[in-house]
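# Coordinates in review
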Amino acid sequence: MKIKNLKTFLLVFASICFFACSDDDNNTPEIGPVDLSNIETIIVNEGNYEKNNAMISGITKDKKVITDLYGKANKGYKIGDSAQSVAIINGKIYVALSRTKEVVVLDKDFKYIKSIKSEHFMGPQYIVQTSNKEAAVSDLYNGKIVFIDTEEDEILGDFTLEGNGKQLLNVNNKHLYVAKDNYIDIISIADKNLVKTLPLPVTSNSKLVLDKNGYVWALCCKYEDGWTTIEKEGNAYLAKINPNNLDDIQKIELDNSLYPQKFAARLETNKAKDKLYMTLWSNPSFKSLKDYQIVDGGKLGIFSLPINATEGLSSESEPLFWTKDMAKTNEKNPVEQLYNFAVTKDETIYICDAKDNAQNGALYEYSKDGKRINTFALTISPQYILFVNE
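About the criteria used
Residues numbered from 1 in each chain as written. Predicted model: local features only at pLDDT ≥ 70, side-chain atom pairs only at ≥ 80, totals over all residues. Heavy atoms only, no water. Salt bridge = Lys/Arg side-chain N within 4 Å of Asp/Glu carboxyl O. Helix = DSSP H or I, 4+ residues; strand = E, 2+ residues; numbered from the N terminus. Buried < 20%, exposed > 50% of the residue type's maximum accessible area, 1.4 Å probe, protein only. Pairing = 2+ DSSP bridges. Core = buried A, V, L, I, M, F, W, Y, C linked by side-chain atoms within 4.5 Å. Contact = heavy atoms within 4.5 Å. Polar contact = N/O pair within 3.5 Å; in protein donor to acceptor, adjacent residues only side chain to side chain.

## Digging into the pattern of salt bridges
- In the structure shown here, the tally under the stated rule is 17 salt bridges.
- Lys63 is the salt-bridge partner of Glu40, the closest N and O atoms lying 3.6 Å from each other. Taken together, the residues span a long stretch of sequence, with Glu40 in strand S1 (residues 39-45) and Lys63 in the loop between strand S2 (55-60) and strand S3 (65-66) at a distance of 23 residues.
- Lys92 is the salt-bridge partner of Asp153, the closest N and O atoms lying 2.8 Å from each other. Of this pair, Asp153 sits in the loop between strand S10 (144-149) and strand S11 (154-160) while Lys92 sits in strand S5 (residues 92-97), placing them 61 residues apart in sequence. In this pair, the class of Asp153 matches that of Lys92, namely buried.
- Each of Glu40, Lys63, Lys345 and Glu365 takes part in one network of salt bridges that share partners.

Encoded structure:
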């Protein structure tokens, strides 16, 4: 009897030691119950396709990382496969997951409410609120904009595009701007009709952004279709759209040596909405790798322009800082793979580094002169940044 009790004691003791050691090895600090009031930034980690390892991470107001907000609030369960973006609407959190073809709805404590699934979804990508009771979701594969009732979290219907919609922008609760490969479709939010199509080739998944004067900006560059064609046709440019007169579009040209990367271009604005920030390659060269091409030379930097600029960037223009120099093959580049970036309220730069999309990535915080201020350890393919209170 004593031996049996001793064995039981030893097993319990060993289990306690094991879990204690496991917690010590975990780089994510244990923080009590988590809700939006404690989170400053949400980062979507896409994960690997068909691996069901997408995660939603958070950075607290005191700059601590919570690696898996969903798992922490839901007994360790996984949120789904291939997370694309996140939105906060009326106190609820909406996460688009392309591989599992759903939008997952969470409460302010990141606890699961429901999953919105429908034949309307083939690869939901971005979510934007369009009214107090509705939101729109773009889809990477089926060319539909799906409208959701955000009170009941049910599908209301869809609007079919010619081509696949990507980034969305709600302008004055009147029009929904939908970025596509070679056009911007403008949809009436009230009656869900197409108002106008603008022949502007928005690059990759770069955002449409609104400045403080109400103008819409897009980073544009014409590329041939397909994975194997990466050379651009003509110069890239910034398009400035007057939402009150859709025929009033100004184009601010960029030098021919500057490339928005075909599959990874990014455009952002600061909190004051008086400056534009964008990623551009300077004098890149390319090489083929299987059935697509990758950048083989040149430098990648984060450039900035004020919204009142009348001239674009020249070949002599310098970025705020370079994030990668392909010529320095024997040196560690500051960022291995810039997957996305955002400008904080303090005008520091957050950069998502996906590395090789197989190992865990990171979020870096840089000053505008390129000094790294913070490093936040994340999971696989961090790719979307949302500032909670902006």
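Anyway, onward from the coordinates.
## A short note on the pairing of strand S27 (residues 360-366)
- For S27, a buried count of six out of seven residues is recorded, marking the element as mostly surrounded by other parts of the structure.
- Direction of pairing for S27 relative to strand S28 (residues 372-380): antiparallel, over a ladder of six bridges. Within S28, the position partnered with Asn360 by the bridge is Ile380.
- Here S27 folds back onto S28, and the loop between the two strands holds five residues, one of which, Gly370, carries a positive phi near 90°.

## Overview of the environment of Met326
- Residue placement: Met326 occurs in the loop between strand S24 (321-325) and strand S25 (338-343).
- It is 6.6 Å that separates the C-alpha atoms of Met326 and Asp296, two residues lying 30 residues apart in sequence.

## Comments concerning the nonpolar core
- Formed by 36 residues in total, the largest nonpolar core has its most connected members in Leu238, Met278, Ile349 and Ile351.
- When residues of this core are traced back to their parent elements, those giving at least two are strand S17 (216-220), strand S20 (258-259), strand S22 (275-289), strand S23 (292-306), S25, strand S26 (349-353) and S27.
- With sequence-adjacent residues up to four places away left out, Ile351 is seen in contact with Ile302, Phe321, Thr323, Val335, Leu338, Asn340, Phe341, Ala362, Leu363, Tyr364 and Tyr366.
- Counting residues in each nonpolar core, the second largest holds 23 residues, with Ala83, Val95, Leu97 and Val104 among its members.

## Considering the environment of Lys345
- By the element assignment, Lys345 lies in the loop between S25 and S26.
- Exposure remark for Lys345: the relative accessible area of 42% places this residue in the partly exposed category.
- Beyond its immediate sequence surroundings of up to four residues, Lys345 is in contact with Glu40, Lys271 and Glu390.
- A polar atom in the side chain of Lys345 sits 3.2 Å from the side chain of Glu40.

## With respect to the pairing of strand S29 (residues 382-387)
- Most of S29 is tucked away: six of the six residues are buried.
- Relative to S29, S1 runs antiparallel, the two sharing five bridges. Bridge pairing in S29 places Val44 opposite Tyr384.

## Some details on the sheet that holds S29
- Here four strands make up an open sheet; going across it, the order is S3-S2-S1-S29 and the pairing antiparallel. Lying at the two open borders of the sheet, with one neighbouring strand each, are S3 and S29.
- When S2 meets S3, the two strands line up antiparallel, connected through two bridges. Paired with Ile59 across the bridge in S3 is Val65.

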